[in-house]
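Topology and contacts: notes
Each chain, written out:
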Amino acid sequence: MFIDTLLIGISSGAIYSLMALALVLVWRSTRVVNFAQSGQAVLSTYIGYEISVRTHNYWLSLPLAILAGAILGSLIDLLFMRLLIGRAKSGPIAEIAPVIATLGLLGLIQSFIGLIWGNAFQQYASPLSAKGFTFGSHTIPFSPQNLFIVIASAAVMAIFGAIFKYTDLGLALRAASFQPEIAQLAGVRVSRVRNIGWAFAGAAGAVAGAVITPTSTLSPNSLDLLFVSGFIAAVIGGLDSLVGAVVGGLVLGVGFAFILQYIGGSVTFLVGFIILMVVLLLRPRGIFGHKVNRHA
Amino acid sequence: MKLGLEVIDFSVEYGAIRAIQNLSLHVVPGELVAVIGSNGSGKSTLIRALSGLITPSRGSAHWNGISILGKKPEELVRQGIVHISEGKSVIPELTVAENLALGGLWRRDKLDVAIATQESLAIFPVLASRLNQRADTLSGGERQMLAIARALISRPQLLLLDEPSLGLAPLIIEQIFVAISHLQNQFGLTVLLVEQNAMSALKIADRGLILNLGELVKTGTPAELIADPQLRAAYLGF
């Protein structure tokens, strides 16, 4: 029972981690908490769903959904955030306007989805079984799709980790997020690099949506709760740290799974918010947050 | 068209405040010009406007005949104009090696990046022993060295240096200024050096400009400026 719960926790934690990763990537590149993230992820998932309905091929729809997520993220930065941040340069509105705008964008995307696909629940089917693995007579709640969720999430994290640590692009991304002005003076094309950060975030969100949705149903709001968990995970991790996002997501996923198993579903979110409050009170920069103050 | 840096009738405003007024100057290729002035004289503003961080309200600026106004700093770096900003112009969260790598990131000629990196480390050997340390573990002087070394890896033609002596001990300032002078001679760099520390700057400069409240007060060789008792009392502080 303990192992079952742990596995389920890791599987949902992996998804929270991906969502948290997406939030952190945008935060690091633009210093905006992107509330439109769940909208972007769900739109990318709908695109994957549409492709899978037409081609009956989940494995084709998955990479295309990820690509759509990346393009969507990039476009939102280019056509929306840049203009907005360019206009609202100073005063109290400058800090909060982009965040509020992402909320508006979330509504816009979800309404758009409703317009195209309707608000009914859809089934985005994966060829992998959502029924748990069976050992002898014992069936555990952890399914092949859950295993795939863990593998896909781990792959995304490993790829991002390698890009950030070992490539020129990763160095540029880190430099631009830590000290944009100095990065600029060193020759880093900061706005281009930021845009790549948005694309990466969009891709991470799309992976989350496209691998989790086959275990339940798809609707314009189906990723909203996931986003909340991802947000809590990102804050626990320090909002600035990619490692923190992953660890935060896993801790939250496993924690939720055990609470659900041993206490009951009614308190899981309550506990999530309590963890959030405690972290904010005791370590406002998060568990993995850097101590150095950064220029926003 | 004049070679070098030519600035004509340059003004920069912050809202209603004029930080620089109708400034004109010309820096010949290979020349090291020190811009001297106190806080609020507009000297940092001048350098920030030349490197594309802020936009002047009027005037023109050309480097070797090509206009540099309206271009972003990252584009000017590609034209050979590198600005080392005030204080510690390094990224503290990155290692020394990563900070150095930033200077060559945009360059295609990776062989020359490697050569330039070796040259920079030869000029500042202390950095070679700290390549894997985070930049925030370096002393102020070492950070300044790192910033200059990173700039060199971009193979600049024009170096815009903003207060390299800021917050450093006299002995370290001496070292940094010797290094700057050495760069001018070894690489034929053109240098615009903005400094409050007039004595150190004029020691290595070919020419000095004195700025006060955004206006050019006087220009001349260091000897000429130092010989003027009024200037010494009012602006040079020694």
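Residues numbered from 1 in each chain as written. Chains lettered and ligands numbered in written order. Predicted model: local features only at pLDDT ≥ 70, side-chain atom pairs only at ≥ 80, totals over all residues.

**Observations concerning the overall build of chain B**
Helix and strand content of chain B: ten helices and ten strands. In terms of overall size, chain B behaves like a compact globule, its C-alpha atoms giving a radius of gyration of 17 Å where 238 residues would be expected to give roughly 18 Å. With respect to the principal axes defined by its C-alpha atoms, chain B has extents near 50 × 35 × 35 Å. When the 238 residues of chain B are sorted by exposure, 46% land in the buried category. Long-range contacts, defined here as pairs at least 24 residues apart, represent 67% of the contacts in chain B between residues at least 6 apart. (Helix = DSSP H or I, 4+ residues; strand = E, 2+ residues; numbered from the N terminus. Rg over C-alpha atoms; globule rule 2.2 N^0.38 Å. Buried ≥ 20, exposed ≤ 12 C-beta atoms within 10 Å, placed from the backbone. Contact = placed C-beta atoms within 7 Å.)

**Observations regarding the sheet that holds strand β6 (residues 81-84) of chain B**
Residue and element names in this part refer to chain B. The strand order β6-β7-β8-β3-β9-β10 describes an open sheet built from six strands, whose pairing is mixed. The strands lining the two open edges of the sheet, one partner per strand, are β6 and β10 (215-220). Across the sheet, the axes of successive neighbouring strands diverge by a mean angle of 15°, strand direction being ignored. Bridging between strand β9 (residues 207-212) and β10 involves five bridges; their strand directions are antiparallel. By the bridge assignment, N212 is partnered in β10 with E215. (Pairing = 2+ DSSP bridges. Axes fitted to C-alpha atoms, helices over the stretch in contact; angles between N-to-C directions.)

**Comments concerning the packing of helix α9 (residues 224-236) of chain A against helix α10 (residues 242-262) of chain A**
When two helices pack together, their arrangement is given by the angle between the helix axes and the distance between those axes. All names here are of chain A. Across the interface, α9 lies against α10 with an axial gap of 7 Å and an inter-helix angle of 125°. On the basis of their axis angle, the class for α9 and α10 is oblique. Viewed along their axes, α9 and α10 form a crossing whose handedness is right-handed. Note on element contacts: α10 touches α9 through A245, G248, G249, V251 and L252, opposite S229, G230, I232, A233, A234 and I236. Among the residues forming the contact of α9 with α10, the class breakdown is seven nonpolar, four polar and no charged. (Parallel < 35°, antiparallel > 145°, perpendicular 65-115°, else oblique. Left-handed = near helix turned anticlockwise from the far one by under 90°. Nonpolar A, V, L, I, M, F, W, Y, C, P; charged D, E, K, R; others polar.)

**Describing unusual backbone geometry**
Phi at H56(A) takes a positive value of approximately 55°, unusual for a residue other than glycine. Here H56(A) shows up in the loop between α2 (37-55) and α3 (58-87). One non-glycine residue, D9(B), lies in positive phi territory at about 55°. With respect to the helices, strands and loops of the structure, D9(B) is situated in strand β1 (residues 5-14). For D9(B), a count of 12 C-beta atoms within 10 Å translates into the label exposed.

**Things to note about the interface of chain A and chain B**
The interface is formed by 18 residues belonging to chain A together with 23 residues belonging to chain B. Going through the elements one at a time, α6 (168-178) and α7 (180-185) of chain A are the ones with two or more residues in the side of chain A that touches chain B.

**Thoughts on the packing of α3(A) against helix α4 (residues 92-117) of chain A**
Residue and element names in this part refer to chain A. The geometry of α3 relative to α4 is characterised by a closest axis approach of 10 Å and an angle of 140° between their N-to-C directions. The angle between α3 and α4 places the two elements in the oblique class. Read as a crossing pair, α3 and α4 show a hand that is right-handed. On α4, the residues that touch I76, F80, M81, L84 and I85 of α3 are A97, P98, A101 and L105. Residue classes in the contact of α3 with α4 are distributed as nine nonpolar, no polar and no charged.

**Some thoughts on the confidence of the model for chain B**
Residues and elements named next belong to chain B. Considering every residue of chain B, the mean pLDDT works out to 93; 100% of them sit at 70 or more. Element-level mean pLDDT values for chain B span from 84 in helix α10 (residues 229-236) up to 97 in helix α3 (residues 96-104). Scored as a whole, the predicted complex attains pTM 0.90, and scored at its interfaces, ipTM 0.92. (pLDDT = per-residue confidence, 0-100.)

**Considering the pairing of β1(B)**
Residue and element names in this part refer to chain B. Examined bridge by bridge, β1 and strand β2 (residues 17-27) share seven bridges and lie antiparallel to one another. Directly across from Y14, in β2, lies its bridge partner I17. Counting the residues that bridge the hairpin from β1 to β2 gives two residues, and of these G15 lies at a positive phi of roughly 60°.

**Considerations on the nonpolar core**
Among the nonpolar cores identified, the biggest contains 162 residues, and L21(A), A204(A), V207(A) and L193(B) are the most heavily contacted of them. The element best represented in this core is helix α1 (residues 2-30) of chain A, accounting for 16 residues. Ignoring any residue separated from it by four or fewer positions in sequence, one finds A204(A) in contact with L18(A), L21(A), A22(A), L25(A) and V156(A). (Core = buried A, V, L, I, M, F, W, Y, C linked by C-beta atoms within 7 Å.)

**Describing the sheet that holds β1(B)**
The strands making up a sheet are joined through hydrogen bonds of the backbone, oriented either antiparallel or parallel. Residues and elements named next belong to chain B. Overall, antiparallel pairing links the four strands, which are arranged β2-β1-β4-β5 in an open sheet. One side of each edge strand has no neighbouring strand; the edge strands of this open sheet are β2 and β5 (66-67). Strand direction decides the pairing type here: strand β4 (residues 58-63) and β5, joined by two bridges, are antiparallel. Within β5, the residue paired with W63 across the bridge is I66. Packed onto the sheet, helix α1 (residues 43-50) meets β1, β2 and β4 and runs at close to 70° relative to β2.

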